[in-house]
Amino acid sequence: MVLRHLDLLAVAVATRSYRHVKLYRAEEFPTRPLRLWIFALGRTSMSASL
């Protein structure tokens, strides 16, 4: 259930053009921490103008 909520949050963040990393889906982490990493200044429109 928690993964579903994180997936929905990731979709919402992506629709607003924020960059994010799904650490909870990463295969290189054997313990699979339940974290969604969202870059605070990572909007694609903002980074293109910087």
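Coordinates for the structure precede this section.
As the structure is a computational prediction, the values presented were derived from the model and not from experiment. (Residues numbered from 1 in each chain as written. Predicted model: local features only at pLDDT ≥ 70, side-chain atom pairs only at ≥ 80, totals over all residues. Heavy atoms only, no water.)

(A) Seen up close, the overall build of the protein. Summing up its helical and strand segments, the protein has two helices and two strands in all. Along its sequence from the N terminus, the protein presents helices and strands in the succession α-β-β-α. Looking at the protein residue by residue over its 50 residues, the buried ones come to 16%. If you take every contact in the protein between residues at least 6 apart in sequence, the share linking residues at least 24 apart comes to 25%. A total of about 4,100 Å² of accessible surface is found on the protein, and carbon and sulfur atoms cover 61% of it. (Helix = DSSP H or I, 4+ residues; strand = E, 2+ residues; numbered from the N terminus. Buried < 20%, exposed > 50% of the residue type's maximum accessible area, 1.4 Å probe, protein only. Contact = heavy atoms within 4.5 Å. Areas by Shrake-Rupley, 256 points an atom, 1.4 Å probe, with all protein chains shown as cover.)

(B) Examining the packing of aromatic side chains more closely. A complete count under the given rule lists one aromatic pair for this structure. In this arrangement the basic side chain of Arg-19 is found over the ring face of Phe-39, its NZ or CZ atom lying 5.1 Å from the centre. (Phe/Tyr/Trp six-rings, centres within 6.5 Å; stacked < 30°, edge-to-face > 60°. Lys NZ or Arg CZ within 6 Å of the ring centre and 35° of its normal.)

(C) Local environment of unusual backbone geometry. We note that Ser-17 has phi near 65 degrees; this positive angle belongs to a residue other than glycine. With respect to the helices and strands, Ser-17 occurs in the loop between helix H1 (2-15) and strand S1 (20-22). Residue classification places Ser-17 among the partly exposed residues on the basis of a relative accessible area of 30%.

(D) Examining a nonpolar patch on the surface more closely. A cluster of nonpolar side chains, Val-2, Leu-3 and Leu-34, forms an exposed patch at the surface whose accessible area comes to about 250 Å². Along the chain, the position of Leu-34 falls in the loop between S1 and strand S2 (36-38). Note on Leu-34: relative accessible area 53%, which makes it exposed. (Patch = residues over 30% accessible without salt bridge, like charges linked within 9 Å, V, L, I, M, F, W, Y side chains within 5 Å. Salt bridge = Lys/Arg side-chain N within 4 Å of Asp/Glu carboxyl O.)

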